[in-house]
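What follows is the residue order along each chain.
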Amino acid sequence: MVIMDIKYMQKALDIAHLSGEDIPVGAVIVKDDKILACYHNQKEQHNDVTAHAEMLALKEASKKLGTWRLNGCDLYVTLEPCPMCAWAILNSRLDNLYFGSYDSLYGAFSTMPELIKKCNSSLNFKGGIMEKECDELLSQYFKKMRK
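Source: prediction; values computed, not measured. One numbering rule holds for all chains: residues counted from 1, following each sequence as written. Residues qualify for local features only when their pLDDT is at least 70, as the model is predicted, and side-chain atom pairs are given and counted only at 80 or more; totals for whole chains, interfaces and linings, by contrast, use all residues. No hydrogens and no water enter the side-chain calculation; it runs on all heavy atoms of the structure.

(A) Structural detail: the sheet that holds strand β1 (residues 26-31). Within the open sheet, the 5 strands sit side by side as β2-β1-β3-β4-β5. Their pairing is mixed. A single partner strand is all that each edge strand has here, and the edge strands are β2 (34-40) and β5 (124-126). Going across the sheet, the axis of each strand differs from the next one's by a mean of 15°, ignoring polarity. Only when DSSP finds a minimum of two bridges between them are two strands counted as paired. Numbering of helices and strands starts at the N terminus; helices are DSSP runs of H or I of at least 4 residues and strands are runs of E of at least 2. Bridge count between β1 and strand β3 (residues 73-79): 5 bridges; the pairing is antiparallel. A fitted line through C-alpha atoms represents every axis, and for helices the fit uses only the stretch in contact; the resulting angles, taken between N-to-C directions, go from 0 to 180 degrees.

(B) Molecular detail of the nonpolar core. The nonpolar core is taken to be a set of buried Ala, Val, Leu, Ile, Met, Phe, Trp, Tyr and Cys residues, with the residues joined through side-chain atoms within 4.5 Å. Summary of the burial criterion: residues with accessible area below 20% of their type's maximum are buried, those above 50% are exposed, and those between are partly exposed, where the area comes from a 1.4 Å probe applied to protein chains only. Counting residues in each nonpolar core, the largest one holds 28 residues, and the members touching the most others are Ile29, Leu94 and Phe109. Elements with a minimum of two residues in this core: β1, β2, α3 (53-65), β3, α4 (83-92), β4 (96-101) and α5 (108-111). Element by element, the count of residues in this core is highest for α3, at 5 residues. Residues Tyr8, Ala12, Tyr76 and Tyr98 belong to the second largest nonpolar core, which totals 13 residues.

(C) Layout of unusual backbone geometry. Look at asparagine 47: it is not a glycine, yet its phi comes out positive at around 50°. Looking at the secondary structure, you find asparagine 47 in the loop between α2 (43-46) and α3. Residue class for asparagine 47 comes out exposed when judged on its relative accessible area of 74%. Of note in the backbone geometry, arginine 93 takes a positive phi value of approximately 70° without being a glycine. Inspection of the secondary structure puts arginine 93 in the loop between α4 and β4.

(D) Structural context of the side chain of serine 62. Structurally, serine 62 can be placed in helix α3. Here a residue-residue contact requires only that any non-hydrogen atoms of the pair lie within 4.5 Å. For serine 62, the contacting residues outside a window of four places in its chain are Thr67, Trp68 and Leu70.

(E) Representation of the packing of aromatic side chains. To pair, rings of Phe, Tyr and Trp, with the six-membered ring standing in for Trp, must have centres within 6.5 Å; the planes then decide the type, stacked if under 30 degrees apart, edge-to-face if over 60, and tilted in the middle. Here the structure, examined in full by the defined rule, presents 5 aromatic pairs. With centroids separated by 5.0 Å and ring planes inclined at 80°, the aromatic side chains of tyrosine 141 and phenylalanine 142 adopt a geometry described as edge-to-face. Phenylalanine 142 sits in the partly exposed class, given a relative accessible area of 33%. Every member of this aromatic cluster is reached through a ring pair, and the members are Tyr8, Tyr76 and Tyr98.

Here's what the structure looks like:
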């Protein structure tokens, strides 16, 4: 595992802890070793089904760069992106996606690999970065929600 993977995934984990009532997911977008955007899930806070950490981070990075084309950027996210986020990620032209926990129900990259391949995207992706820590954060959240 590369040191940068750990550095930025740790930042995503730190951000995920701010999710409040939302599922704790954090996302960080980086370009040239500089953080462009850091967000956590905010669906409950904004009453907005699209307020996933990844979507918010993509919007912020695009705003800062003045373009929706995020070539040269990498996304670190604590949970494998859902299909909605995956489609936005693929279309944003990010170079790399790194995620922590795999999502066997909604994770687009592990459950729909054929769709991802058909998108003609040059996105590289890798899961399982700090997976244990990301899994633990999610596990704690769902235990708390069940009480």
